[in-house]
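What follows is each chain in one-letter form.
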Protein chains: 2
Amino acid sequence: MSSTIKVLLAEDQSMVREALAALLGLEDDIEVVAQVARGDEVLPTARQHDIDVALLDIEMPGCTGIEAAAQLHKALPTVKLVVLTTFGRPGYLRSAMEAGADAFLVKDAPAAQLAEAVRKVLAGERVIDPTLAAAALAEGANPLTDREREVLRAAADGSTNAELAAALHLSQGTVRNYLSTAIQKLAVRNRAEAVRIAREKGWL
Amino acid sequence: MSSTIKVLLAEDQSMVREALAALLGLEDDIEVVAQVARGDEVLPTARQHDIDVALLDIEMPGCTGIEAAAQLHKALPTVKLVVLTTFGRPGYLRSAMEAGADAFLVKDAPAAQLAEAVRKVLAGERVIDPTLAAAALAEGANPLTDREREVLRAAADGSTNAELAAALHLSQGTVRNYLSTAIQKLAVRNRAEAVRIAREKGWL
DNA sequence: AGAGCCGCATGACAGATGTCATGAGCGGCG
DNA sequence: CGCCGCTCATGACATCTGTCATGCGGCTCT
């Protein structure tokens, strides 16, 4: 189509965001036309800018890049979505794909892949690390129910059962039951390990 | 001295590292002459390159940027040290300063501060976020003994007392005692919270 | 030399946590 | 409709965790 690819860049750490913008700025055919630091600013800003590609970090305040991707995919389906993340968690990849992402990159990957991914998604291709894709398929889907995930998330900061029960409007016994089933599903010994494993897998 | 400032860049995530290099490359007076992805490659690489400034991320495999800073400060005391980190933990700032760092930047800060910091440290100035400095002074020093820190670090992944005891060649009772004193010093309710707080403060 | 801190350990105890059996209500699916 | 899974709950039990008192040996500082 037009001469340059218009990109929206979403990443909460200013220094990283501007550095990525500088990197993309080196490419003649790519132009970063908007930058945001929060997930919940993605959609409003995208609406104002007629962009071709949105580059979304996952870990952001407001809402995650995956949630932002889902919103964009629904509201502006022609915009291509590149999800970028620090952590190559298979569960993240799965969620990103379900949210309509066209590419999934980890920040460990060489910088050259970034511009390349932008061009490829615009050409209709999908860009996914094959190793990660294999891992995502191998580990299967998230076995936790909504409640189990909720309780596990709430337990992540070291809260006691009584605090969890109060926060979630449940009885202590129920909290323990949910944690117990989560612990069994994740094949671990206690809640702390359960939180860690669920985090690593991107299930939390 | 010479025309351009020679910089060594240490950061484990390729994409971020190369993006930062691109950012610094936009400055006429700064040149990134070497890049490494691991803490333990910093010193050997610095020896080969006659650099003016080392830009060190804290979170790296091999060894942390703070340990690398200490090594550099000892071996090549004329090299100026800029420590860069995702997390503005007061304890990190303190450790970095003790390791001989000249500047401490968080990745949240505007990108312009990076080049600025490089120039300032070379001019003999120190660059520290005043808010962080205040926080570091306000919270005081790390109250944990070596053993307490060690046990807490080992407990971070959700290991049980028996596993900790085996891993650290201690009795279970001793492990519990250390955790207990750590929990009291940090004024929290259990090990999980203790780990979280110690992490946040940069004491872990 | 004595005081004091640290590392390490033990034993006893209360309270938190994890497991299990059991059951009620609700919704979906064949 | 019956079966199943999810949610929520209770009670009982075993184990784990956190606290406390106490003790010993080593080290440092005065």
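Because the structure is predicted, anything quoted here is derived from the model rather than measured.

1. Let's talk about the relation of the copies chain B and chain A
Superposing chain B onto chain A takes a rotation of 180 degrees plus a shift of 0.1 Å along the axis, which leaves an RMSD of 0.1 Å. Both copies of the chain, as the preceding transformation shows, are related through a two-fold rotation axis. Minimal C-alpha distance to the rotation axis in chain B is attained by A19 of chain B, lying at 2.4 Å. Mapped onto chain A, 100% of the interface residues of chain B are again interface residues, and the two copies thus contact each other with one and the same surface.

2. Looking at the sheet that holds strand β5 (residues 103-106) of chain B
All names here are of chain B. Judged by pairing direction, the sheet is parallel, and its 6 strands sit side by side in the order β2-β1-β3-β4-β5-β6 without closing on themselves. Of all strands in the sheet, those with a lone pairing partner are β2 (30-36) and β6 (127-128), marking the two edges. Where strand β1 (residues 5-10) meets β2, 6 bridges bridge the pair, whose relative direction is parallel. By the bridge assignment, L8 is partnered in β2 with A34.

3. Description of the interface of chain B and chain A
Residue-level contacts link 29 residues of chain B with 29 residues of chain A. Approximately 2,300 Å² of surface area, both sides summed, lies buried where chain B meets chain A, with 64% of it carried by carbon and sulfur atoms. The tally of links from chain B across to chain A stands at 12 residue pairs in polar contact (both at pLDDT 80 or more). Taken together, the elements giving at least two residues each to the side of chain B that touches chain A come down to α1 (14-25), β5 and α10 (191-201) of chain B. The dominant element in the side of chain B that touches chain A, judged by the number of residues it contributes, is α1 of chain B, at 8 residues.

4. Observations concerning the protein's contact with DNA strand D
Looking at DNA strand D, there are 19 residues lining it, with R147, S171 and Y178 of chain A together with R176 and R191 of chain B nearest. Sugar plus phosphate, as a fraction of atoms of DNA strand D within 4 Å of the protein: 60%. A distance of 3.2 Å separates a phosphate oxygen of DNA strand D from a polar side-chain atom of T174 of chain A. Between Y178 of chain A and DNA strand D, the recorded distance is 3.3 Å, taken from a side-chain N or O atom to a phosphate oxygen. Of all the elements in the fold, those that place two or more residues in the surface near DNA strand D are α7 (146-155) and α9 (172-185) of chain A together with α9 (172-185) of chain B. Classifying every residue of the surface near DNA strand D gives 3 nonpolar, 11 polar and 5 charged.

5. Side note on the UniProt feature "domain: HTH luxR-type" (unreviewed entry) in chain A
Sites flagged by UniProt as "domain: HTH luxR-type" (unreviewed entry) map to residues 137-202 of chain A. When the span residues 137-202 of chain A is considered, its composition is 70% helix and 0% strand, and the gap between its end C-alpha atoms is 13 Å.

6. Considerations on the nonpolar core
With 110 residues, the main nonpolar core has L20, F104 and L114 of chain A together with L20, F104 and L114 of chain B as its most contacted residues. Not counting chain neighbours up to four residues away, the residues in contact with L20 of chain A comprise L9, L84 and L114 of chain A together with M15 and A19 of chain B. Formed by 18 residues, the second largest nonpolar core is a distinct cluster that contains L152, A155, V175 and I183 of chain B.

7. A short note on the packing of aromatic side chains
Each pair of aromatic rings is reported with the distance of its centres and the angle of its planes. Applying the stated criterion across every chain, the model contains 0 aromatic pairs over all chains. Lying across the ring of F87 of chain A, R89 of chain A places its NZ or CZ 4.3 Å from the centre.

8. Topic: the pairing of β1 of chain B
Counting buried positions along β1 of chain B gives 5 out of 6 residues, so the element sits mostly inside the fold. One crossover worth recording links β1 of chain B to the parallel β2 of chain B by way of α1 of chain B, and it is right-handed.

9. Brief notes about the protein's contact with DNA strand C
By nearness alone, 18 residues border DNA strand C, and R176 and R191 of chain A together with R147, S171 and Y178 of chain B come closest of all. Sugar plus phosphate: this is where 60% of the atoms of DNA strand C within 4 Å of the protein reside. One nitrogen or oxygen atom from the main chain of N161 of chain A is found 3.1 Å from a phosphate oxygen belonging to DNA strand C. Elements supplying a minimum of two residues to the surface near DNA strand C: α9 of chain A together with α9 of chain B. Residues of the surface near DNA strand C, tallied by class, amount to 3 nonpolar, 11 polar and 4 charged.

10. Focus: the UniProt feature "modified residue: 4-aspartylphosphate" (unreviewed entry) in chain A
Residues and elements named next belong to chain A. Annotation from UniProt places "modified residue: 4-aspartylphosphate" (unreviewed entry) at D57. By the element assignment, D57 lies in strand β3 (residues 53-57). Apart from the residues within four sequence positions on either side, D57 is in contact with A10, E11, D12, G65, L84, T85 and K107.

Definitions and cut-offs
- Residues numbered from 1 in each chain as written.
- Chains lettered and ligands numbered in written order.
- Predicted model: local features only at pLDDT ≥ 70, side-chain atom pairs only at ≥ 80, totals over all residues.
- Heavy atoms only, no water.
- Least-squares fit on C-alpha atoms with pLDDT ≥ 70 in both.
- Contact = heavy atoms within 4.5 Å.
- Pairing = 2+ DSSP bridges.
- Helix = DSSP H or I, 4+ residues; strand = E, 2+ residues; numbered from the N terminus.
- Buried area = accessible area lost by both parts, 1.4 Å probe.
- Polar contact = N/O pair within 3.5 Å; in protein donor to acceptor, adjacent residues only side chain to side chain.
- Near = heavy atom within 4 Å.
- Nonpolar A, V, L, I, M, F, W, Y, C, P; charged D, E, K, R; others polar.
- UniProt positions renumbered as here; feature names shortened; annotations may be inferred.
- Core = buried A, V, L, I, M, F, W, Y, C linked by side-chain atoms within 4.5 Å.
- Buried < 20%, exposed > 50% of the residue type's maximum accessible area, 1.4 Å probe, protein only.
- Phe/Tyr/Trp six-rings, centres within 6.5 Å; stacked < 30°, edge-to-face > 60°.
- Lys NZ or Arg CZ within 6 Å of the ring centre and 35° of its normal.
- Right-handed = clockwise from strand over helix to strand, strands pointing away.

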